[in-house]
Amino acid sequence: MDYKAAFKSAVARVRDEGRYRVFADLHRHCGEFPKARWTNADGIASDVVVWCSNDYLGQGQNPDVIAAMHEAIDAAGSGSGGTRNISGTTSYHVTLERELSDLHGKPASLLFTSGYVANEAALSTLTKILPGLIIFSDALNHASMIAGIRNGGGERHIFRHNDLAHLEQLLAAAPPQAPKLIAFESVYSMDGDIADLAGTIALAKAYGALTYLDEVHAVGLYGARGAGVAERDGVMGEIDIIEGTLGKAFGVMGGYISADEDLIDAVRLHAAGFIFTTSLPPALAAGAAASIRYLKTHPELRTRHQERAASLKARFKAAGLPVMPSVSHIVPVLVGDPVHCKLISDLLLADHGVYVQPINYPTVPRGTERLRFTPTPFHTDEMMDRLVEAMNTLWTRCNVKRHGVAA
Ligand SMILES: *Cc1c(COP(=O)(O)O)cnc(C)c1O
């Protein structure tokens, strides 16, 4: 076997489709969010405005969060030193899980090293704990939920994205006595649409199913205290399992589920992805807890965040740029092919100091390649004006459709 040739051809396939990925080497400076210093392939650095960060509220540079992390390092050192079961549970982890339970109004919570791990571990383990469990999964669910559902090895049915009629059809066709779980997201991060939580809950009740809601792109951002769309919609108590990340709006790292104490205890005792891995460093737990606490009492950041997103959508529309329909803080602009998508992104970065990553297949379906902007409370009018001007120039120069058919 020519191993080297095999790896080269695996790369070439991606490159030929215009989907080869290059990392942008960024240096963030505290206090200058959302600006960063970008180093290009020739080693030359320049200032850019970051338009595609999932640090949606700039919490990664919030002084309260940073102070909590410094304090924890000084007090407790760097790593946790073990798995949760073997010397790796510190008071920081315990405090953070309490903070999460309070946020979501649930009796218990369980931390994982990331949101990906939380979804993979929780969903695969629930399938093992509940023999015969049938999972109903939204067609656009995140890769981590798909991995968990597959690894659980149980029966699964995919319902068309946000299509409750299709979900009901599938639920009705399943044996009435079988245990069931509906897995879905609140905010879908590539289109920026939001699921009908109340409608899904009603179906779950009618067919005796559990609800598993990924609020990764909503925690910190929606609801009076930042618990997510379920809080905003007044249905938090009726979702059985809420899953979230500490790495996006909370600006740190880690993932979790919040639910009933018996469910959490069962997952804690059975999930390999929880048991057999070193727990989060105390400083991360401390920073995440500080961030959650901060956002519980700063709704004005959420208000400003929504206003910035609405403002950017309006500016793109006014300039005749094909902004895709989105009812959330996510602002996707349709390009429609991977080569132009990457080219425009490269030119924005090299010539205009605008950093936005191209979103290509397999993250989104072919033909719906797009640029996905995530304005934060710290993106100014002036930054937006410059962005829209640059986009306008490149749209004309690259001859990209202005009113393409949205996904
Ligand atoms: C990013 C993401 C995750 C994974 O969260 P991480 O903490 O980044 O691992 C899970 N679900 C969705 C919908 C996501 O977009």
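Residues numbered from 1 in each chain as written. Predicted model: local features only at pLDDT ≥ 70, side-chain atom pairs only at ≥ 80, totals over all residues. Heavy atoms only, no water.

What follows concerns the domain arrangement of the chain. Structurally, the chain comprises domain 1 (63–296) and domain 2 (299–397). Look at where the C-alpha atoms of domain 1 and domain 2 centre, and you get two points 29 Å apart. Counting from both sides, the interface comprises 19 residues of domain 1 and, opposite them, 18 residues of domain 2. When domain 1 packs against domain 2, close to 1300 Å² is buried across both sides, 53% of that on carbon and sulfur atoms. Counting the surface domain 1 buries against domain 2, the share from its top three residues, Met190, Asp191 and Leu221, is 42%. The interface formed by domain 1 and domain 2 holds one salt bridge in total. Counting every contact that joins domain 1 to domain 2 gives twelve residue pairs in polar contact (both at pLDDT 80 or more). Residue classes in the side of domain 1 that touches domain 2 are distributed as nine nonpolar, six polar and four charged. (Domains from an automatic or database assignment. Contact = heavy atoms within 4.5 Å. Buried area = accessible area lost by both parts, 1.4 Å probe. Salt bridge = Lys/Arg side-chain N within 4 Å of Asp/Glu carboxyl O. Polar contact = N/O pair within 3.5 Å; in protein donor to acceptor, adjacent residues only side chain to side chain. Nonpolar A, V, L, I, M, F, W, Y, C, P; charged D, E, K, R; others polar.)

Here helix 2 (residues 63–76) contains 14 residues, and its C-alpha end-to-end distance of 20 Å stays within 8% of the 20 Å for a straight helix at 1.5 Å per residue. Among the residues making up helix 2, those that are buried are Val65, Ala68 and Ala72. On an axial view of helix 2, the arc spanned by its buried residues comes to 65°, and they lie on one face. In helix 2, the exposed residues that point more than 90 degrees away from the buried face are Pro63, His70, Glu71 and Asp74. Of the residues flanking the end of helix 2, it is Gly77, one or two places downstream, whose phi is positive at about 90°. (Helix = DSSP H or I, 4+ residues; strand = E, 2+ residues; numbered from the N terminus. Expected span 1.5 Å × (residues − 1). Buried < 20%, exposed > 50% of the residue type's maximum accessible area, 1.4 Å probe, protein only. Arc of directions from axis to C-beta.)

Attention shifts here to empty space enclosed by the protein. For the structure shown, the criterion picks out one cavity of 30 Å³ or more. Of the voids in this model, the largest cavity is the one considered here, and its volume is about 80 Å³. In terms of lining residues, the largest cavity is bounded by Arg84, His93, Leu111, Phe112, Thr113, Gly273, Phe274, Thr277, Thr278, Ser279 and Leu280. The set of elements that each furnish at least two residues to the lining of the largest cavity consists of strand 4 (108–112) and helix 10 (272–275). Per-class residue counts for the lining of the largest cavity are four nonpolar, six polar and one charged. (1 Å grid on protein atoms, 1.4 Å probe; cavity = no way out; pocket = protein on both sides within 12 Å on 5 of 7 lines; lining within 4 Å. Points joined across faces, edges and corners; volume = space filled by probe spheres on them.)

Here the focus is the pairing of strand 10 (residues 255–259). Counting buried residues along strand 10, five of its five residues qualify, which places the element largely inside the surrounding structure. A two-sided burial pattern is seen for strand 10, the buried positions comprising Gly255, Ile257 and Ala259 on one face and Tyr256 and Ser258 on the other. Bridging between strand 4 and strand 10 involves five bridges; their strand directions are antiparallel. The residue bridging Phe112 from the neighbouring strand is Gly255, located in strand 10. Bridge count for strand 9 (residues 241–245) against strand 10 is four bridges, and the pairing is antiparallel. Looking across to strand 10, one finds that Glu243 is bridged to Ile257. (Pairing = 2+ DSSP bridges.)

Of all residues adjacent to the ligand, which total 13 residues, the nearest are Gly115, Asp214, His217, Thr245 and Lys248. Take Ser114: an N or O atom from its side chain is 3.5 Å from an oxygen atom of the ligand. A distance of 2.9 Å is found between an oxygen atom of the ligand and a side-chain nitrogen or oxygen belonging to Lys248. Here the ligand has 380 Å² of accessible area as a free molecule, and 83% of this is covered by the chains. Of all the elements, helix 4 (residues 115–129) adds the most residues to the shell around the ligand, at three residues. For the shell around the ligand, a count of residues per class yields two nonpolar, eight polar and three charged. (Near = heavy atom within 4 Å. Areas by Shrake-Rupley, 256 points an atom, 1.4 Å probe, with all protein chains shown as cover.)

As a further point, take the nonpolar core. Ranked by size, the top nonpolar core spans 51 residues in total, and within it Leu96, Ile182 and Leu246 carry the most contacts. Those elements that place two or more of their residues in this core are helix 3 (91–104), strand 5 (134–138), helix 6 (164–173), strand 7 (180–185), helix 7 (197–206), strand 8 (209–214), helix 8 (229–232) and helix 11 (282–296). A total of six residues in this core trace back to one element, the largest contributor, which is helix 11. Once you skip the residues sitting within four places of it in the chain, Ile182 turns out to touch Phe136, Phe159, Leu167, Leu171, Thr200, Ala204, Ala209, Leu210, Thr211 and Tyr212. The next biggest cluster of nonpolar side chains, apart from the first, holds 36 residues, and it includes Ala309, Val335, Val356 and Ala390. (Core = buried A, V, L, I, M, F, W, Y, C linked by side-chain atoms within 4.5 Å.)

Of the pockets and cavities examined, the second largest pocket occupies roughly 240 Å³. In terms of lining, the second largest pocket is formed by 15 residues, of which the most central are Val49, His352, Gly353, Val354 and Arg386. Sorting the residues of the lining of the second largest pocket by element identifies strand 3 (45–50) and helix 14 (381–397) as the ones contributing at least two each. Element by element, the count of residues in the lining of the second largest pocket is highest for helix 14, at seven residues. Along the lines of polarity and charge, the residues of the lining of the second largest pocket split into seven nonpolar, three polar and five charged.

With that settled, the discussion passes to the pattern of salt bridges. Following the criterion strictly, the structure yields 20 salt bridges and no others. Between Arg366 and Glu17 there is a salt bridge, and its shortest N-O distance comes to 2.8 Å. Placement of Arg366 in the loop between strand 13 (358–359) and strand 14 (370–373) and of Glu17 in the loop between helix 1 (3–16) and strand 1 (25–28) is noted, with a sequence separation of 349 residues between them. With a relative accessible area of 31%, Glu17 lands in the partly exposed category. Here Glu238 and Lys205 are joined by a salt bridge, their closest N and O atoms 2.6 Å apart. On the criterion of sequence distance, the pair formed by Glu238 in the loop between helix 8 and strand 9 and Lys205 in helix 7 is long-range, its members being 33 residues apart. Since its relative accessible area comes to 36%, Glu238 is described here as partly exposed. Within the structure, one salt-bridge network assembled from shared partners comprises Arg304, Glu307, Arg308, Arg315, Asp381 and Asp385.

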